[in-house]
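These are the residues of each chain, in order.
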Amino acid sequence: MKTKKAFTLNHKSIKAPFRGLGVLLLVLFASCKGGSYINHDLKAERIGDCSATLTACTMTENTFGEHYEFNRCLVEGFNTDDYLIERKGDTLVLSFPKEQANEQKALYKLNLDIHASPKYNFIKLGKEVLQITPVN
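Now for a look at the structure at hand. Just so we're clear, the structure is a prediction, and the values are computed from it rather than from any experiment.

**Remarks on the sheet that holds strand β4 (residues 84-88)**
Remark on secondary structure: sheet strands pair via backbone hydrogen bonds, oriented parallel or antiparallel.
Here comes step 1: Read from one edge to the other, the open sheet built from 4 strands follows the order β4-β5-β7-β8, with strand pairing classed as mixed. The open sheet terminates on both sides in strands that have one partner only, identified here as β4 and β8 (128-131). Pairwise comparison of adjacent strand axes, ignoring direction, gives a mean angle of 20° for this sheet.
Here comes step 2: Here 5 bridges tie β4 to strand β5 (residues 91-95), and the two strands are oriented antiparallel to one another. Residue pairing across strands places Ile85 opposite Leu94, the latter belonging to β5.

Printed below as a string of structure tokens:
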């Protein structure tokens, strides 16, 4: 009658899987984004012609950054890929494409979500500059 060899637990059988896990965790932590960044998302909805009254910008803070809502007259057929956000010091500047004099314009309701690091103190929306006041 053959007897089965009992499984013995030794230090080598324990260390082997954890060594690979340690290397994997080291690689993951080393690859984390740690510097300056700006994550943003813009949604646009055409709400009328530019003869309508522009509304003031509203801002709410959430877990993922800030959410802005405002109306702007933009080129008819505005595409949400046609804008740029860049950092200039402690200010984020939202730029839209230059408009030609003969282009038809429409009024758009814009919803902009921004999460940036380091924090910014101002945001420039066209000619309007807003100071960002943190809520405690």
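**Description of the side chain of Thr91**
Here comes step 1: Within the element layout of this structure, Thr91 appears in strand β5.
Here comes step 2: Of note is the side chain of Thr91, whose polar atom sits 3.5 Å from the side chain of Asp90.
Here comes step 3: In this view, Thr91 contacts Glu86, Phe122, Ile123 and Lys124; residues no more than four positions away in its chain are not counted.

Cut-offs applied
Residue numbering note: each chain is counted from 1, following its sequence as written. It should be noted that, the model being predicted, local features are given only for residues of pLDDT at least 70 and side-chain atom pairs only at 80 or more, the latter also being counted only at that level, while totals for whole chains, interfaces and linings use all residues. With hydrogens and water set aside, each side-chain value is computed from the structure's full complement of heavy atoms. Strands were regarded as paired on the criterion that DSSP finds at least two bridges between them. Where helices and strands are cited, they refer to DSSP runs of H or I of at least four residues and of E of at least two residues respectively, numbered from the N terminus. The axes are straight lines fitted to the C-alpha atoms, using for helices just the contacting stretch, and the angles between their N-to-C directions are given from 0 to 180°. Pairs of N or O atoms within 3.5 Å make up the polar contacts considered here, provided that, within protein, one atom can donate a hydrogen while the other can accept it, and that residues adjacent in sequence are counted only when both atoms are side-chain atoms. Whether two residues touch is decided by their heavy atoms; if any such pair falls within 4.5 Å, the residues are in contact.

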